[in-house]
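# Structure at a glance
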Amino acid sequence: MKSLGSIRRDFAPWNDPDAKPYIQFENVTKKFGDFTAVNNLSLTIFEREFFALLGASGCGKSTLLRMLAGFEEPTAGRILLDGQDLRGIPPYRRPVNMMFQSYALFPHMTVENNIAFGLKQEGMPTPDIEKRVAEMLKLVKLEQFAKRKPHQLSGGQRQRVALARSVAKRPKVLLLDEPLGALDKKLREETQFELMDLQQNLGLTFVVVTHDQEEAMTMADRIAIIDKGEVMQVATPAEVYEAPGSRFVAGFVGNVNMFEGKIARGETGPASIDAGNGITIQTDNAGNATAGAAVTFAIRPEKIKVSSKKPQEAVNAIEGEVYDIAYLGDMTVYHVRLDDGQVVRASTMNAARVTEDPLTWNDRAWVSFRPDAGVVLTR
Ligand code: ATP
């Protein structure tokens, strides 16, 4: 069986019918006046899961997080944590901590005092605080910065102090709102791996809000794609990418080519799609779409091959003209204009330093792909 599973091979409680969800959003609606920010949304998250809420700005993802933290109450529906209805429970009584977009460190306090702050407020005995702070500094690799103030740190270091502070109280769930938003690209990537390590080592449940699909794909066990206050799909990164459930999800995550067409032949399983202008696409899995159904055939650029000659063995091969080429070093992206005018995007890894089939602008070219290379979408 081909796998589209999770990155952590042994961790997939969502596939276990006996696994108990840890966090449950049950038909949750949140209105601000007439405006519906979250619309009858249901979602379950499991203990120790790294869960990402992914969506465009304004889709309602921060509102979901704020309701879980207790800063907002749902207008309708319930949120349960470990089976307990959270309604009416104030934020500080919830086993949940939130790390905000801006880290909100105290500027006049040292790193260690920033980390200790919440523990002191809780009335933890001083020796225990010292022990915990030392543990946290080690965890985020900031031991030698304990006596510095936030302005004496880099953005990445400040981010780690904020992280240490938010896990110091050992919450069961850590909520992170755009946690890496302030970091530059390289540091972001490094910190993504650090966050994943931290989450694994502490055995916590992380719910992270991001609008950055790469970030969600890198870190999360599962991703919920949110649009206009509704869940479009919840799945592992691999499923979201390789088996999107709708045109919206296919288009939202990564690059994709879409062919509109009708199923010409086939009941369930293999089918041919009439995509107009003499283009027929053979697919080995059209799902439940039957003859006559209007469908979209979605295929990722890296699953399309570009060549100057028609490949002999190809089941699907369409002719066109090279319209644009972007050489990106590790890969080359071709835009090929088919004879019906549609532009297809195809990408090739540059595994070798030279190519045997060089193509340039305005060359005639063939795009080809296997029958299992794309997905057939009906919504
Ligand atoms: P971003 O990535 O920009 O933070 P988001 O997906 O997190 O966006 P939310 O902050 O959840 O979006 O907001 C969802 C919608 O609800 C937005 O249109 C926002 O303007 C609206 N909204 C949020 N809070 C309030 C409020 N207190 N009063 C009125 N409208 C609000």
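Look a little higher up for the structure.
What you see as residue numbers is a count from 1 along each chain, following the sequence as written. Only residues with pLDDT of at least 70 are given local features in this predicted model, and only at 80 or more are side-chain atom pairs given and counted; all residues enter the totals for whole chains, interfaces and linings. Only hydrogens and water are set aside when side-chain values are computed; all heavy atoms of the structure are taken into account.

## Let's talk about the nonpolar core
To keep it simple, the criterion reads: To qualify as a nonpolar core, a set must consist of buried Ala, Val, Leu, Ile, Met, Phe, Trp, Tyr and Cys residues joined through side-chain atoms within 4.5 Å. Partly exposed residues are those whose accessible area sits between 20% and 50% of the maximum for their type, while under 20% is buried and over 50% is exposed, using a 1.4 Å probe and protein chains only. Under the DSSP-based scheme used, a helix requires at least four consecutive residues in state H or I and a strand at least two consecutive residues in state E, with every element numbered from the N terminus. In what follows, a contact means two residues having at least one pair of non-hydrogen atoms within 4.5 Å.
Residues Ile115, Leu176 and Phe206 are the most contacted members of the largest nonpolar core, which totals 45 residues. Element by element, the count of residues in this core is highest for helix 4 (residues 155-168), at six residues. Those residues within four positions of phenylalanine 206 in sequence are excluded, and the remaining contacts are Glu49, Phe50, Phe51, Leu174, Leu176, Leu195, Leu198 and Gln199.

## Side note on the site of the ligand
The condition is simple: Whether a residue is near a molecule or strand depends on its heavy atoms: if one lies within 4 Å, it is near. Under this definition, polar contacts are N or O atom pairs within 3.5 Å; protein pairs additionally need one hydrogen-donor-capable and one acceptor-capable atom, and for neighbouring residues in sequence, both atoms have to be side-chain atoms. Note on areas: these come from Shrake-Rupley sampling with a 1.4 Å probe, and a residue is covered only by the protein chains present in the view. Three categories are distinguished: nonpolar for Ala, Val, Leu, Ile, Met, Phe, Trp, Tyr, Cys and Pro, charged for Asp, Glu, Lys and Arg, and polar for the others, with Gly belonging to the last.
As a structural note, the neighbourhood of the ligand is formed by Phe32, Phe35, Ala37, Ala56, Ser57, Gly58, Cys59, Gly60, Lys61, Ser62 and Thr63. A distance of 2.7 Å is found between an oxygen atom of the ligand and a backbone nitrogen or oxygen belonging to glycine 58. If the ligand stood free it would expose 630 Å²; the protein chains cover 59% of that surface. At the level of secondary structure, the elements contributing two or more residues to the shell around the ligand comprise strand 2 (35-45) and helix 1 (61-69). Counting residues per element, the shell around the ligand draws most heavily on helix 1, at three residues. Grouping the amino acids of the shell around the ligand by side-chain chemistry returns five nonpolar, five polar and one charged.

## As for the sheet that holds strand 10 (residues 230-235)
Backbone-to-backbone hydrogen bonds pair the strands of a sheet. The strands run either parallel or antiparallel. To keep it simple, the criterion reads: Should DSSP find at least two bridges between two strands, the strands are taken to pair. Simply put, an axis is a line fit to the C-alpha atoms, just over the touching stretch for a helix, and the angle between two N-to-C directions goes from 0 to 180 degrees.
The mixed open sheet is built from six strands, whose spatial order is 6-7-8-3-9-10. In the strand order of this sheet, the two ends are held by strand 6 (96-99) and strand 10, each with one partner. Pairs of neighbouring strands in the sheet enclose a mean axial angle of 20°, with direction left out of account. Along the sheet, helix 4 makes contact with strand 6 and strand 7 (173-177), crossing strand 6 at roughly 170°.

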